[in-house]
Amino acid sequence: MTDSTLPVMEPSFLDSVFSRLATMEVELDADPLQFGPKRLNGKIATARGMLTECERIYLHVAQLLQNFKTSHRTSELEFEIEKKYLYANDPEVMAGRNVADRDAIATGKLLKQARELNDLAKSLSDLEAVLSVVKSKRADLKDLQGRIRDQIKLCHEEIGLGSKWGSKPPPGTKAPDLDNSPKVPKQTIRDLQDLFSGSKAPD
């Protein structure tokens, strides 16, 4: 009754989609101009990559949802046809005192199909929930791209007013401490100067 080509909707699949979507975050800098264009370009590339992956997840889930909807409709129709057949031809079902009794007896005789139909309905519900979250994340990422474009525009305006790209290290990183750099002996420095000036032949 159930389409054997359909994948099983394991909780691990749903959890993996939710977990991946949760990591699709890009924190924008309050003043991107101070960190230089490279950092802003990195955020543009990251946001674009996340949106591309989100679109891929969306298409995959949407295709799964469509396949499960088709299978659910087919299975539901087959289930109803088989029940009606039992209503009309099965002596035990026909002996039911009322419609509710006959329906319960018929459903009991079609228990396997009923469970498969219930599993399909649950998978449909899960996929609809996932698709809703993916749509929300896709909208967030498109909004993020719009806010990055706004930041680029503001940076250009500030540069037009005389500001310059800065070279401040990104948050969470430390600029190299020149005071802690290795000390080069003065004799070595003089040797190098002589070498480059041509007054000393290389060894």
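Residue indices follow the written sequence of each chain, beginning from 1 at its first position. The predicted nature of this model means local features are confined to residues of pLDDT at least 70 and side-chain atom pairs, given and counted, to a pLDDT of 80 or more, with totals for whole chains, interfaces and linings taken over all residues. Note that water and hydrogens are dropped before the side-chain values are worked out from all heavy atoms of the structure.

Enquirer: Give me the lowdown on the overall build of the protein chain, citing residues and values where you can.
Expert: When its secondary structure is counted, the protein chain shows six helices and zero strands. Numbering of helices and strands runs from the N terminus, with a helix taken as a DSSP run of H or I at least four residues long and a strand as a DSSP run of E at least two residues long. When its helices and strands are written in sequence order, the protein chain yields α-α-α-α-α-α. Residue exposure (1.4 Å probe, protein chains only): buried if accessible area is under 20% of the type maximum, exposed if over 50%, otherwise partly exposed. A burial count over the protein chain gives 28% of its 203 residues as buried. The contact criterion used throughout is that any non-hydrogen atoms of two residues lie within 4.5 Å. Considering only intrachain contacts with a sequence separation of at least 6, the fraction spanning at least 24 residues in the protein chain is 77%. To be clear on the numbers: accessible area is Shrake-Rupley with a 1.4 Å probe, and residue cover counts the displayed protein chains and nothing else. With the model as given, the accessible surface of the protein chain reaches about 13,900 Å², and the carbon-plus-sulfur share is 55%.

Enquirer: Residues and numbers for the environment of Arg20, please.
Expert: Within the element layout of this structure, Arg20 appears in helix H1 (residues 11-22). Residue Arg20 is classed as partly exposed on the basis of its relative accessible area of 30%. Along the backbone, Arg20 and Glu53 are 33 residues apart, and their C-alpha atoms lie at a distance of 9.7 Å. Leave out the neighbours within four places in its chain, and Arg20 touches Glu53 and Ile57.

Enquirer: Report on the packing of helix H2 (residues 37-89) against helix H5 (residues 111-160), specifying residues and quantitative values.
Expert: Running from N to C, H2 and H5 cross one another at 160 degrees; their axes reach a closest spacing of 7 Å. The angle between H2 and H5 falls in the class roughly antiparallel. Two packed elements cross with a definite hand, and for H2 against H5 that hand is left-handed. Tallied by class, the residues present in the contact of H2 with H5 amount to 28 nonpolar, seven polar and eleven charged. Convention adopted: a line fitted to C-alpha atoms gives each axis, helices being fitted over their contacting stretch, and angles between N-to-C directions are expressed from 0 to 180 degrees. Roughly parallel means an angle under 35 degrees; roughly antiparallel means over 145; roughly perpendicular covers 65 to 115; every other angle is labelled oblique. Handedness of each helix crossing follows the sense of rotation of the near helix against the far helix: counterclockwise by less than a right angle gives left-handed, clockwise gives right-handed. Gly is placed with the polar residues, together with every amino acid not listed as nonpolar (Ala, Val, Leu, Ile, Met, Phe, Trp, Tyr, Cys and Pro) or charged (Asp, Glu, Lys and Arg).

Enquirer: Requested: an account of the environment of Glu78, with residues and values cited.
Expert: Examined against the element boundaries, Glu78 turns out to sit in helix H2. Through-space distance from the C-alpha of Glu78 to that of Gln113 is 9.1 Å; in sequence the pair is 35 residues apart.

Enquirer: Quick one: what's the story with the pattern of salt bridges, residue by residue and with numbers?
Expert: The working definition used for a salt bridge is a side-chain nitrogen of Lys or Arg within 4 Å of a carboxyl oxygen of Asp or Glu. Tallied over the entire structure, the rule returns ten salt bridges. Residue Glu53 pairs with Arg20 through a salt bridge whose shortest N-O separation is 2.8 Å. Residue Glu53 is found in helix H2, and its partner Arg20 is found in helix H1; the two are separated by 33 residues along the sequence. With a shortest N-O distance of 3.0 Å, Glu25 and Lys137 are connected by a salt bridge. Here Lys137 lies in helix H5 and Glu25 lies in the loop between H1 and H2, a separation of 112 residues in the sequence. Classification of Glu25 as exposed rests on a relative accessible area of 54%. Each of the salt bridges in this network shares a partner with another, and the network as a whole consists of Asp90, Glu92 and Lys109.

Enquirer: Explain the packing of H2 against helix H4 (residues 99-109) to me, using residue names and the numbers behind them.
Expert: Two elements in contact, H2 and H4, have axes separated by 10 Å at closest approach and are oriented at 120 degrees. Relative to H4, the element H2 lies oblique. As for how H2 packs across H4, the hand of that crossing is right-handed. For the pair formed by H2 and H4, the contact residues are Phe79, Lys83, Leu86 and Tyr87 on the first element and Arg102, Asp103, Ala106, Thr107 and Lys109 on the second. Counted by class, the contact of H2 with H4 contains four nonpolar, one polar and four charged residues.

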